[in-house]
Amino acid sequence: MLEVSGLSVRYGKHAALGNVALKVAPGEIVVMLGANGAGKTTLLKAIAGLVRPEPGARVGLDGRDLLALEPHHIVEAGIALVPEGRGIFAELTVRENLELGAYAARARAGERHNLTRVLTLFPRLAERQRQVVRTMSGGERQMVAIGRALMSAPTVLLLDEPSLGLAPLMCIELFRALAQIRAAGVSLLLVEQNAKRSLDIADRGYLIDTGRIVGEGTAANLKVDPAVQRAYLGAGEVHQQPL
Amino acid sequence: MLAVDIVLTGLIIGGMYALTALGLTLQYGVARIMNLSYGEFLVAAALSAFSLYTGMTVSPLIGLFVVVPIAFALNWLIFKLLLMPLVRRAKNRDVLEVDSILATFGLLFVIQGVALVIFGGQYFSYSYLSIPVSVLGSALAVNRLVALAFAAVIGLGIYLALTRTRAGTAIRAVAVDPVSAQLVAIDVKRASAFAYALGGALVAAGGVLVSMFLTFHASMGVEFTMKALIVVIMGGVGNVLGALVAGLLLGIGETAVARLIDPGLTLAATYALFLAALLIRPTGLFGRSTR
Amino acid sequence: MNRQWTWACGAVGALIVFALVPLLANSYYLALGVSLLYFAVLATAWALFSGSTHYISLATVAFFGIGAYTVGVLGEVLPWPLVLLVAGTVGVTLALVVGLSTLRLSGIYFVIFSFGLSELIRQLVTWYEVNIHKSVGRYIFIDITQAQIYWQLLALTALVLLTGWLINRSRLGLALRVIGQDEVVARHAGIDITKAKLVMFAVSALFMTLTGAVMAPRWTYIDPAIAFNPMLSFEVVIMALFGGAGVLFGPILGVIPFVLLFELLSANFPNYFSILLGLVFMVIVYALPHGVIGLLQRRMPQAPPVATMPQPFAMAAKGAALEVRNLRKAFGGLVAVQDLSFAAAPGEIVGLIGPNGSGKTTVLNLISGALPADAGDIRCDGRAIAGLGTHRIARLGIARTFQLVRVLESMTAVDNVRAALAFRGRPIWGVGAEAVARGLLARVGLTDKADQIASQFTYIDQKRLELARALALEPRVLLLDEWLAGLNRTELNDGIALIRSLREAGLTVILVEHVMDAIRSLCDHCVVMNAGVKIADGPPAAVLADRDVIRAYLGEADA
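Residues numbered from 1 in each chain as written. Chains lettered and ligands numbered in written order. Predicted model: local features only at pLDDT ≥ 70, side-chain atom pairs only at ≥ 80, totals over all residues.

K.L.:
How do you make sense of the overall build of chain A when you look at a structure like this?
P.N.:
Each helix and strand counted, chain A has 11 helices and 10 strands in total. Whereas a compact globule of 243 residues would reach a radius of gyration of roughly 18 Å, chain A reaches 18 Å, a difference of no more than 12%. Across its three principal axes, chain A shows a C-alpha extent of roughly 55 × 40 × 30 Å. Residues counted as buried form 51% of the 243 residues belonging to chain A. A sequence separation of at least 24 residues applies to 68% of the contacts in chain A between residues at least 6 apart. (Helix = DSSP H or I, 4+ residues; strand = E, 2+ residues; numbered from the N terminus. Rg over C-alpha atoms; globule rule 2.2 N^0.38 Å. Buried ≥ 20, exposed ≤ 12 C-beta atoms within 10 Å, placed from the backbone. Contact = placed C-beta atoms within 7 Å.)

Below, the structure written as structure tokens:
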């Protein structure tokens, strides 16, 4: 269970996140919806330890305080982040990227098993293990990135806009894979622009606007909530806060 | 034959350049420290080998096994105590680069000063295995060939370690993308310290090996630093194979200039090569990669 | 005016006092005075270049040595003034050669190059001496007294300070300050960065060379090792940094304690001089809380304040038509912009929207010249601008703001805007500039904060300042990169009103935005991009109700 409360982040003068709270239960897919600049990336970075929040924040995994840990120890604790821009090693091969994914001590024992699972999940990668990632297309890179994250045997997988720049067919494959990952017991915290498709596989979701959580609910409810459409496309009128 | 002579001698000295550049590419590419005192460690190692040989008749090849581990430990300490505070407080890469250049610039004078105090300002050399041997028609000293052999073994060992072992791949990962490296649970600070220390060990190895056949002076460090920097930049920062090729090219080019034009113009030729390479390809001939 | 007169009188007075020293002091103090003066010139000259551009030069002794060696070679052949002239010319030529080759590259290459430069020059000179002159080392038997050396150095000190003062007040000084803070802003304000750095480097080198020439007669014998001693470069850097390289008189403050320290050290611990100096230097680097760059930025000399009445902002040029045709940009395997074409008529606001990663900011970068296009045509009022450098495009009237606000943090708002006025196509500098700058600040609602330092501004005010700076370029086309992002309701309404007023003044605006309310109320038409490709082009209401656009933003429900 991933629990976040009181999370605020500032970049200089700019308040990127204000008092954010959320939960991700084991085996859940939780989706973060919101327009650009709303703070979704900052939220994931704060959980992964790449960005320091203001005092008063609490980030815990199964009761363990993550804020006290360095980023590489947070990975050891069971959080894996697939950042926007992929977080892969473009100059290295697919195989090397996946092997590096299993660098964490918690991932060593199951490395073989996880590698087989990743290559089954993404058959295209199995064909191209010796290819340098820089030469691959956006969709293939995304597969490498998710595969790399899965190799660290995480309990919670954080994904920042995984469908970014993917062609529609690749998107279908991607979301199918995400559902399979959940089936294997990994919880997902998903930041996405593709609201409809992500709400299709998610259990719950949050709506974030200008750094604050302005909505929360089951995926089914959010799918029909007009606030979601307004958040992305605007309405030409003053934006009401649902809930 | 002159051409063969130039190529062979050039390859030998080029191999030494490649070895020392390897160390610097680890320090700059992984630990992100532009170490201006790099050449001073080479000179210090050479002077240590000299003392071991002339004082205790310890062969420099045995001396390698003494000097190199000490150099590793010393550089580890320097990174942890002197350079980590700069890394920690640097807000971005530019600030770190400037601070590390100037801090190591100061370190340069400290080390040079110590060397001058201990050894004085004269020239040093000693004679070890300077027996000529005929290779492809050219007369080469055995010590040079032995140095090249050792350099090749060390270089190959490092290459294999970097590409075949998990720890080596982790170090290359830090060179490619330190942020992504954190995301795979690599302790970037520890990897940087290790790479820095390893770089120091490599340059010490280079120093011991060249001490067998070059003449030394306590203030020669700057020239070696410059050459190592040029090789690293020409070969692409963090690029092991690039450093090798660039080092060999530099060695051959320099020897050619020394034999065909004038031995006093070698540094000028090196600089000219450097400038030409930068103007054609500002990211180095091979760009930034870790193959 | 009073203040300036006081300064001038004080300076002349000080000059006279210092000039009397040789007549009053004994030879020991005179020698000390000479040491103080020659380091004063070197440190100030060093800071002129490195302090403003933040390119750390380790090559001081290369130029100093050339000056000294020229005297060694020509000292007995030519009259003294001509020798100085030749030395200066050689130094400037070398600076231009080195500068042209290395100043276009990143700062670190320059530092490395400067580090080895003195070694290189020393080797070249040695080669020349050995092969052509047939003997290394020269004797200098020039009839110059210590007092005369002192006076020449005093003149050089006065000259270098005067030059620094004049440059600080000039456009070049402003350009260098902007470059030192943010090269991207500098380029987009129309500053030719390479030229500015080159000129400064040459001026700095000139003074260093002349100092070496003047000092040479102090040694009766000179050889390459003596003339090109790398310790000198090191000592100069220490003094300048310690005293404060961001301020004109700073380096001199550093010279005094260090020259005395050197005297002490070389008298008592001659063998340990190098070690102690190295340690002192490292301590300085560590003690600085913001690193060396922080020290360089500590205080920027202010241009003199001019009291005038703020004038209303006047648009000199009407907006231009912007046409983009078949634009393409790829980064390795990723095609960020593919075959994009659209047009903006004069005085239109065109929205450029699309989900994250659709290529919008890349398009702005291509138009402003920050990135070169792989293929395609960009025309402003019919004139092709694709392929021109960023600063030239800025001068032709394309202005922009940035996604992550870029203001010149350590300068006041007025100076930020003045920086943009000074280098645009129709530059305004000096007395008139202040009035125009204040007018622009009034336009964006920053009148009462005009004299505040930009780093203290709130986020929205920094955005306003960036807009004022963009407007200062007298743009024909204004590119706003997510300018309305991160604003609350009130600020958003103010921002929208501001942009609308720009359109009323006739400006053509390209608006990259995610805030759809703004798009709906401001834009004449919208271009929607998805994955690098244009998927819609039309009035906002129509475009935002388009099924393809909705699908692009919210995603597809199922296969």
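So, next bit.
K.L.:
Please explain the overall build of chain C as it appears in this structure.
P.N.:
Summing up its helical and strand segments, chain C has 23 helices and 12 strands in all. Here the C-alpha coordinates of chain C stretch approximately 90 × 55 × 40 Å along the principal axes. Out of the 559 residues in chain C, the part that is buried amounts to 53%.

K.L.:
So what exactly am I meant to see when it comes to the interface of chain A and chain B here?
P.N.:
Contact residues are listed per partner, giving 18 residues for chain A and 16 residues for chain B. Secondary structure elements with two or more residues in the side of chain A that touches chain B: helix H2 (71-77) and helix H3 (94-101) of chain A. In terms of residue class, the side of chain A that touches chain B is built from 9 nonpolar, 4 polar and 5 charged. (Nonpolar A, V, L, I, M, F, W, Y, C, P; charged D, E, K, R; others polar.)

K.L.:
Could you clarify how one ought to interpret the pairing of strand S2 (residues 132-135) of chain B in this entry?
P.N.:
Looking along a regular strand, one sees the side chains alternate between the two faces of the sheet. Alignment of S2(B) against strand S3 (residues 138-141) of chain B, held across 4 bridges, turns out to be antiparallel. Opposite B:Pro132, over in S3(B), you have B:Ala141 as the bridge partner. (Pairing = 2+ DSSP bridges.)

K.L.:
What is the right way to look at the domain arrangement of chain C in this model?
P.N.:
Accessible area lost when the parts come together is the quantity often used to give the size of an interface. Residues and elements named next belong to chain C. What the domain assignment reports for chain C is domain 1 (28-299) and domain 2 (322-558). Taking the mean C-alpha position of each, domain 1 and domain 2 sit 43 Å from one another. With 15 residues of domain 1 at the contact, the number on the domain 2 side is 17 residues. Here the element with the most residues in the side of domain 1 that touches domain 2 is helix H7 (residues 171-181); it accounts for 5 residues. Broken down by class, the residue content of the side of domain 1 that touches domain 2 amounts to 7 nonpolar, 4 polar and 4 charged. (Domains from an automatic or database assignment.)

K.L.:
Even after reading the chapter, I still don't get the interface of chain B and chain C, so can you show me in this structure?
P.N.:
With 38 residues of chain B in contact, the opposing surface of chain C contributes 33 residues. Elements with a contribution of two residues or more to the side of chain B that touches chain C: helix H3 (60-89), helix H4 (93-119), helix H9 (221-235) and helix H11 (266-280) of chain B. Examining the composition of the side of chain B that touches chain C, we find that 19 residues originate from one element, H4(B), more than from any other. Taken together, the residues of the side of chain B that touches chain C break down into 28 nonpolar, 4 polar and 6 charged.

K.L.:
How should the sheet that holds strand S8 (residues 398-400) of chain C be read in this particular structure?
P.N.:
Note: strands within a sheet are paired through backbone hydrogen bonds, in either parallel or antiparallel orientation. Residues and elements named next belong to chain C. Strand order across the open sheet formed by 6 strands is S8-S9-S10-S5-S11-S12, with mixed pairing between neighbours. Here the strands that pair on one side only, and so sit at the sheet edges, are S8 and strand S12 (533-538). Each strand axis lies, on average, 20 degrees off the axis of its neighbour in the sheet, ignoring direction. Note that strand S5 (residues 349-353) and strand S11 (residues 525-530) share 4 bridges and pair parallel. Note that in S11 the partner of Val 350 across the bridge is His 525. Packed onto the sheet, helix H15 (residues 360-368) meets S5, S8, strand S9 (477-481), strand S10 (508-512) and S11 and runs at close to 145 degrees relative to S9. (Axes fitted to C-alpha atoms, helices over the stretch in contact; angles between N-to-C directions.)

K.L.:
Before we go on, may I ask you to explain unusual backbone geometry in this structure?
P.N.:
What is expected of a backbone is that most residues other than glycine have negative phi and most peptide bonds are trans. The phi angle at A:Asn19 is positive, at roughly 55 degrees, despite the residue not being glycine. Structurally, the position occupied by A:Asn19 is in strand S2 (residues 14-24). On the basis of neighbour count, A:Asn19 is assigned to the partly exposed category, with 14 C-beta atoms found within 10 Å. In the Ramachandran plot, C:Glu482 falls in the positive-phi region, its phi being about 50 degrees despite a non-glycine side chain. Along the chain, C:Glu482 turns up in the loop between S9 and helix H20 (489-504).

K.L.:
For this particular structure, what's the right way to read the sheet that holds strand S1 (residues 2-11) of chain A?
P.N.:
All names here are of chain A. Read across the sheet, 4 strands follow the order S2-S1-S4-S5 without closing on themselves; strand pairing throughout is antiparallel. Lying at the two open borders of the sheet, with one neighbouring strand each, are S2 and strand S5 (64-65). Contacts from helix H1 (residues 40-48) reach S1, S2 and strand S4 (58-61) within the one sheet, and its direction differs from that of S2 by about 65 degrees.

K.L.:
What's the story with the environment of C:Ser101 in this structure? I'm lost.
P.N.:
If you trace the backbone, C:Ser101 turns up in helix H4 (residues 80-102). For the pair formed by C:Ser101 and C:Arg464, sequence separation is 363 residues and the distance between their alpha carbons is 38 Å. Sequence-distant contacts of C:Ser101, defined by excluding residues within four places in its chain, comprise B:Leu275 and B:Leu279.

K.L.:
Please clarify how the environment of C:Ser114 should be interpreted in this entry.
P.N.:
All names here are of chain C. For Ser 114, the location among the structural elements is in helix H5 (residues 107-133). Once the C-alpha coordinates of Ser 114 and Met 208 are considered, the two residues, 94 residues apart in sequence, prove to be 14 Å apart. Among residues more than four places away in sequence, those in contact with Ser 114 are Ser 57, Leu 58 and Ala 59.

K.L.:
So what exactly am I meant to see when it comes to H11(B) here?
P.N.:
Since one α-helical turn is 3.6 residues long, residues separated by three or four positions face the same way. Residues and elements named next belong to chain B. With 15 residues, H11 ought to run about 21 Å at 1.5 Å a step, and its terminal C-alpha atoms sit 21 Å apart, in line with that. Thr 266, Leu 267, Thr 270, Tyr 271, Phe 274 and Leu 278 are the residues of H11 that are buried. Looking straight down H11, one finds its buried side chains confined to an arc of 135 degrees; they lie on one side. Of the residues in H11, the exposed ones pointing more than 90 degrees away from the buried face are Ala 276 and Ile 280. (Expected span 1.5 Å × (residues − 1). Arc of directions from axis to C-beta.)

K.L.:
Any chance you could explain the nonpolar core here in plain terms?
P.N.:
Here is a general trend for soluble globular proteins: nonpolar side chains tend to be buried in one another's company. In this structure, A:Ile79, A:Leu158, B:Val231 and C:Ala43 are the most contacted members of the largest nonpolar core, which totals 364 residues. Among the domains, domain 1 (28-299) and domain 2 (322-558) of chain C are the pair contributing at least three residues each to this core. For B:Val231, the residues in contact, after removing those within four places along its chain, are B:Tyr17, B:Ala18, B:Ala21, B:Ala243, B:Ala246, B:Gly247 and B:Leu250. (Core = buried A, V, L, I, M, F, W, Y, C linked by C-beta atoms within 7 Å.)

K.L.:
Teacher, can you tell me more about the packing of helix H1 (residues 2-29) of chain B against helix H10 (residues 240-260) of chain B here?
P.N.:
Helices that pack against each other are described as a pair by the angle of their axes relative to one another and the distance between those axes. Residue and element names in this part refer to chain B. Running from amino to carboxyl end, H1 crosses H10 at an angle of 140 degrees, the nearest separation of the two axes being 6 Å. The angle between H1 and H10 falls in the class oblique. Crossing handedness for the pair H1 and H10: right-handed. (Parallel < 35°, antiparallel > 145°, perpendicular 65-115°, else oblique. Left-handed = near helix turned anticlockwise from the far one by under 90°.)

K.L.:
Got a minute to help me understand helix H17 (residues 413-422) of chain C in this structure?
P.N.:
Residues and elements named next belong to chain C. A large share of H17 lies buried, amounting to 10 of its 10 residues. All buried positions along H17 are accounted for by Ala 413, Val 414, Asp 415, Asn 416, Val 417, Arg 418, Ala 419, Ala 420, Leu 421 and Ala 422. Elements that come into contact with the buried residues of H17 comprise H7, helix H18 (431-443) and helix H19 (459-472).

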